[in-house]
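Structural characterization, general
Each chain is listed here by its residues.
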Amino acid sequence: MRELTEQELVRRAKLDEIKKVCNPYPERYEKTHSLKEASKLEDGVKNVRIAGRVIFMRKMGKLSFVRIRDIEAGMQLEFRIDIIGEEKYGFFKKLIDAGDFLGAEGEIFTTQTGEKTLRVNSFEFLGKALRPLPDKFHGLNDTELKYRQRYVDLISNEESRKVFLGRSKLYAFIHKYLGEHGFLEVETPILQTAVCGAAAKPFYTHHNALDIDCNLRIAPETYLKQCIAAGYDKVYEVAKCFRNEGMDTQHLQEFTQVEWYASYWNFEDNMAFYQDFIKSLLMELLGTTTVEYQGVSLDFGKENWNRINYVEEMRKIFGFDFLEIEDPIVLKEKIVDKGLFTYEELEDYKSVSQIVDFVYKKKIRENIVEPTIMYNYPAMLIPLARRNDKDDRIIDVFQVVAFGTELCKAYSELVNPITQRKTFEDQLKAKAQGDDETMDLDEGFMLAMEQGMPPISGLGFGIDRLMMLIYDQPSIRDVVLFPLMKPEIDNPNYKKED
């Protein structure tokens, strides 16, 4: 067992003393106001009952001040020996530490320094913290420890509280905005029997009761489109998705994605809707449509965002019509001959779609700063998107990219079951070439499509990346409350390999 520090031993001794006076972990406490509400009350309001964690104390002779807080706000408490009595004042001075929970009742007033304060008439002890808080001047600065102990991070760091309160507001806005525009929320399976909806490596598991292998959802797309087939006009989901791929500042294996689908829309309708959505969201969260990210101002308020034709721009970069090439070996040879990349740089990419996507990300996406609409994609990249009526090698797709980051992807959906089956078969060919991010041929989805679907446009975006941008956070882990971490060696649940 871990050896306790001196401070922890002192706190446990205090816990024993508190037990002689009251239950140190009582059942409940009746509040009249949250700390946020109480901080807005007029002076002179009596019988105000508030509660929170002690984060600062200034204990003096007969007058002391304490600051308590919760996730939204903090408030100062004034303890006077002539009001609460010697016995209670002695209990407070001797046994209460920063980190403990208190409930207090009293009258609101404003100090000479202008701070709204509760003059305490009585208080109750609500919970003993057996570990001290981090140094009040530094908070929790160890980045890895912030991710492992987010609860301490939120207690200590105002910036973290701002981010995660903002995330809650973002969820509320999504539901409100989409609801007001006729979208209905649904839930689709996380455990699935076909890898479909995105180009990604899945997590696999085994369902014991059915004795079948399953994969964790990589995207909710095919099920949401089945809802459209069932008669939903507009549908959406806030979906946990899982992709068993590499980790970096913009990728986690478990992430949150929003996808919405609208009957009778095309991708241009979705493009206009998304721009209005983002502008409204930024006004709700920031009060402006200009985002300051990593020292750069990004203006989402422009009426006309920059637009880049993906296929035409890539043709310029390649110097040849890449849409005519079906053999990945041939494509690699031409890329190397042009001096764009070396064979070593292309080694990990097995199919034509993987190679094309790699070149796009390195030569175009990384260089985009201002909010930009990428459109007119090659069909090989997205087997679920509708083929363009003029050239079936191109799909009616757009992405919004800002500061080198993909913020959303949307397209006119493929609803022709004959074409869809062929694109799934093409995916199987790519898998045979060694592309392990291809989709399965999902027969359940094909049944729904053969039943008939109207014109559809769908859009998906990751909440985590959007949060990074809005709140100027350098890593996706800074906007996820509890990112998965490798267990520490001294963790009793950590199983060391033989």
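Up top is the structure.
This section reports on the structure supplied with the text. Computed from a prediction, not measured in an experiment: that's the story for all the values here.

1. Remarks on the sheet that holds strand E7 (residues 191-192)
With antiparallel pairing, the three strands of this open sheet are ordered in space as E7-E9-E8. A single partner strand is all that each edge strand has here, and the edge strands are E7 and strand E8 (204-207). Direction of pairing for E8 relative to strand E9 (residues 212-216): antiparallel, over a ladder of four bridges. Across the sheet, residue His207 finds its bridge partner in E9, namely Ile212.

2. Comments concerning the packing of aromatic side chains
Here the structure, examined in full by the defined rule, presents 28 aromatic pairs. Note on Trp260 and Phe461: the rings are 6.0 Å apart at their centroids and 70° apart in plane angle, and the pair reads as edge-to-face. Separated by 201 residues along the polypeptide, Trp260 in strand E11 (residues 254-263) and Phe461 in strand E18 (residues 456-462) bring together distant segments of the chain. Of the two residues, Trp260 and Phe461, neither departs from the other in class, the shared state being buried. The residue whose ring lies beneath Lys88 is Phe123, and the NZ or CZ to ring-centre distance is 4.2 Å. Between Lys334 and the ring centre of Phe320, over which it is positioned, the NZ or CZ distance is 4.7 Å.

3. Re the environment of Phe123
Examined against the element boundaries, Phe123 turns out to sit in strand E5 (residues 116-127). Phe123 gets classed as buried once you look at its relative accessible area, which sits at 4%. For Phe123 and Leu102, which are 21 residues apart along the polypeptide, the C-alpha to C-alpha distance reads 7.0 Å. When residues no more than four places from it in sequence are discounted, the contact partners of Phe123 are Phe79, Ile84, Lys88, Phe91, Phe92, Ile96, Leu102, Gly103 and Ala104.

4. Focus on the pattern of salt bridges
Under the definition given, this model contains 37 salt bridges. With a shortest N-O distance of 3.1 Å, Lys116 and Asp43 are connected by a salt bridge. Of this pair, Lys116 sits in strand E5 while Asp43 sits in the loop between helix H2 (35-38) and strand E1 (48-58), and the two are 73 residues apart along the sequence. A single network of salt bridges, built from pairs that share partners, joins Arg11, Lys14, Asp97, Asp100 and Lys128.

5. Some remarks on the nonpolar core
One finds Trp260, Tyr274, Phe277, Phe300 and Phe461 to be the most contacted residues of the largest nonpolar core, which totals 48 residues. If one sorts the elements of this core by residue count, helix H9 (residues 267-285) sits on top with nine residues. One finds Val311, Val352, Ile364 and Met446 within the second-largest nonpolar core, a separate group that totals 47 residues.

6. Thoughts on the layout of surface pockets
By volume, the second largest pocket is sized at about 780 Å³. Along the walls of the second largest pocket sit 21 residues, with Glu326, Ala379, Met380, Lys422 and Asp426 positioned nearest its centre. For the lining of the second largest pocket, the secondary structure elements donating two or more residues are helix H13 (352-363) and helix H14 (417-432). Among the elements that line the lining of the second largest pocket, the one with the most residues is H14, at seven residues. When its residues are assigned to classes, the lining of the second largest pocket shows seven nonpolar, six polar and eight charged.

About the cut-offs
- Residues numbered from 1 in each chain as written.
- Predicted model: local features only at pLDDT ≥ 70, side-chain atom pairs only at ≥ 80, totals over all residues.
- Heavy atoms only, no water.
- Pairing = 2+ DSSP bridges.
- Helix = DSSP H or I, 4+ residues; strand = E, 2+ residues; numbered from the N terminus.
- Phe/Tyr/Trp six-rings, centres within 6.5 Å; stacked < 30°, edge-to-face > 60°.
- Buried < 20%, exposed > 50% of the residue type's maximum accessible area, 1.4 Å probe, protein only.
- Lys NZ or Arg CZ within 6 Å of the ring centre and 35° of its normal.
- Contact = heavy atoms within 4.5 Å.
- Salt bridge = Lys/Arg side-chain N within 4 Å of Asp/Glu carboxyl O.
- Core = buried A, V, L, I, M, F, W, Y, C linked by side-chain atoms within 4.5 Å.
- 1 Å grid on protein atoms, 1.4 Å probe; cavity = no way out; pocket = protein on both sides within 12 Å on 5 of 7 lines; lining within 4 Å.
- Points joined across faces, edges and corners; volume = space filled by probe spheres on them.
- Nonpolar A, V, L, I, M, F, W, Y, C, P; charged D, E, K, R; others polar.

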